[in-house]
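# Architecture at a glance
The chain contents come next:
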Amino acid sequence: MSIDRLEEGDDLFVTLELEDGTEVETQVITIFEVDEQDYIVLIPEDQVDEEEGEVYIYRYFESEDGEPGLENIETQEEFDMVSEVFDQIVEDGEFDEEIEVEAPDDVEDGGYLS
């Protein structure tokens, strides 16, 4: 995973490497906090202009030296809680496009692909 920081006002992009070795270029939609844990929502770059699309949701953190990092959401309960908050963010109109978040078959496998 690499997070490319651009100049202020530019979009933030993340390159994800999935378990099968595939790389997916994504754009950061938002970073939000739930129960003192930050989460990041990413959308594949080729779906940014689509009305509906899949998103990736990960735990987000910064190391002691300020380097950003992602961790998998490991339980269905945590995923459901975070998805509900993200759905509310979308419903409150902070995003123009409608983004549907679906629970994966196995949350622990593969980080989190909705």
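Predicted model, so just to flag it, every value in this text is computed and none were measured. (Residues numbered from 1 in each chain as written. Predicted model: local features only at pLDDT ≥ 70, side-chain atom pairs only at ≥ 80, totals over all residues. Heavy atoms only, no water.)

Quick look at the overall build of the chain now. Regarding its fold elements, the chain presents one helix and six strands. Reading the chain from its N end, one meets helices and strands in the order β-β-β-β-β-β-α. Classification of the 114 residues of the chain by burial places 40% in the buried group. For the chain, restricting intrachain contacts to residue pairs at least 6 apart in sequence, the fraction spanning at least 24 positions comes to 40%. Here the chain has roughly 7,200 Å² of accessible surface; of this, 35% comes from carbon and sulfur atoms. (Helix = DSSP H or I, 4+ residues; strand = E, 2+ residues; numbered from the N terminus. Buried < 20%, exposed > 50% of the residue type's maximum accessible area, 1.4 Å probe, protein only. Contact = heavy atoms within 4.5 Å. Areas by Shrake-Rupley, 256 points an atom, 1.4 Å probe, with all protein chains shown as cover.)

This part takes up the pairing of strand β6 (residues 68–71). Relative to β6, strand β5 (residues 56–62) runs antiparallel, the two sharing four bridges. Bridging from a neighbouring strand, Arg-59 pairs with Glu-71 of β6. (Pairing = 2+ DSSP bridges.)

Negative charge collects at one region of the surface, where Glu-17, Glu-19, Asp-20, Glu-23, Glu-25, Glu-45, Asp-46, Asp-49, Glu-50, Glu-51 and Glu-52 lie side by side. Among the structural elements, Glu-50 can be located in the loop between β4 (37–44) and β5. The class for Glu-50 is partly exposed, based on a relative accessible area of 43%. (Patch = residues over 30% accessible without salt bridge, like charges linked within 9 Å, V, L, I, M, F, W, Y side chains within 5 Å. Salt bridge = Lys/Arg side-chain N within 4 Å of Asp/Glu carboxyl O. Lys, Arg positive; Asp, Glu negative; His and termini not counted. Charge placed at Lys NZ, Arg CZ, Asp CG, Glu CD.)

Turning to helix α1 (residues 76–91), a few remarks are in order. The first and last C-alpha atoms of α1 sit 22 Å apart over 16 residues, in line with the 22 Å expected at 1.5 Å per residue. Along α1, the residues classified as buried are Glu-78, Phe-79, Val-82, Ser-83, Phe-86, Ile-89 and Val-90. For α1, the angular spread of the buried residues around the axis is 125 degrees, confining them to a single face. What points out from α1, more than 90 degrees from its buried face, is the exposed set Glu-77, Glu-84 and Glu-91. Elements in contact with the buried residues of α1: β3 (23–34), β4 and β5. A positive backbone phi angle near 85 degrees is found at Gly-93, which sits one or two residues after α1. (Expected span 1.5 Å × (residues − 1). Arc of directions from axis to C-beta.)

Counted according to the given criterion, the structure contains two salt bridges. The closest approach of N and O atoms between Glu-71 and Arg-59, which form a salt bridge, is 3.7 Å. Pair noted here: Glu-71 is in strand β6 and Arg-59 is in strand β5, with a separation of 12 residues, a long-range link. Here Glu-78 makes a salt bridge to Arg-59, at a shortest N to O gap of 2.8 Å. Placement of the pair is Glu-78 in helix α1 and Arg-59 in strand β5, with a sequence separation of 19 residues. A single network of salt bridges, built from pairs that share partners, joins Arg-59, Glu-71 and Glu-78.

For the rest of this paragraph, the subject is the confidence of the model for the chain. Counting all residues, the mean pLDDT for the chain is 77, and 73% of those residues have values of 70 or more. Taken as a whole, residues 96–114 scores under 50 in pLDDT and shows 62 contacts with residues more than four places along the chain or in a different chain. (pLDDT = per-residue confidence, 0-100.)

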